[in-house]
Amino acid sequence: TFAEIVFTDNGHGIPKNLYDKIMEPFFTTKDVGKGTGLGLSISKGIIEAHKGHLYLDQSYPQTRFVVRLPIIVDTLSTPE
């Protein structure tokens, strides 16, 4: 079982030629000094460390990122 969190905007979307690059560390389309290009790669690493996935939904016409995390049920603890 998974929980999904979806982030969307109403802009023009991400150009297809950038799909493979946007999760790479230090990749940015901003001017020098305006961004480090670490946000998505760090986020992806944290989410994957929790056994989840962060991905760009390429079927959506605008920009849409999906965070998918497993729902873990603790069967060892008992309710008080």
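Residues numbered from 1 in each chain as written. Predicted model: local features only at pLDDT ≥ 70, side-chain atom pairs only at ≥ 80, totals over all residues. Heavy atoms only, no water.

Draft legend 1. Main features of the layout of surface pockets. Its boundaries defined by the atoms lining it, the largest pocket holds a volume of some 250 Å³. What lines the largest pocket is a set of 13 residues, and nearest its centre among them are Phe-27, Thr-28, Thr-29, Gly-37 and Leu-40. Considered class by class, the residues forming the lining of the largest pocket number six nonpolar, six polar and one charged. (1 Å grid on protein atoms, 1.4 Å probe; cavity = no way out; pocket = protein on both sides within 12 Å on 5 of 7 lines; lining within 4 Å. Points joined across faces, edges and corners; volume = space filled by probe spheres on them. Nonpolar A, V, L, I, M, F, W, Y, C, P; charged D, E, K, R; others polar.)

Draft legend 2. Representation of the packing of aromatic side chains within the structure. Inspection of the entire model under this criterion finds zero aromatic pairs. Just above the ring of Phe-2 sits the side chain of Arg-68; from NZ or CZ to the centre is 3.9 Å. (Phe/Tyr/Trp six-rings, centres within 6.5 Å; stacked < 30°, edge-to-face > 60°. Lys NZ or Arg CZ within 6 Å of the ring centre and 35° of its normal.)

Draft legend 3. Molecular detail of the sheet that holds strand S1 (residues 2-8). Pairing in this open sheet of three strands is antiparallel, and the strands run S1-S3-S2 from one edge to the other. Either end of the sheet is taken by a strand with one partner, and the two such strands are S1 and strand S2 (53-56). If you compare each strand with its neighbour and ignore which way they point, the axes differ by 15° on average. Contacts from helix H1 (residues 39-49) reach S2 and strand S3 (64-70), with the element oriented near 140° to S2. (Pairing = 2+ DSSP bridges. Helix = DSSP H or I, 4+ residues; strand = E, 2+ residues; numbered from the N terminus. Axes fitted to C-alpha atoms, helices over the stretch in contact; angles between N-to-C directions. Contact = heavy atoms within 4.5 Å.)

None of the figures reported here should be taken as evidence of function without further support.
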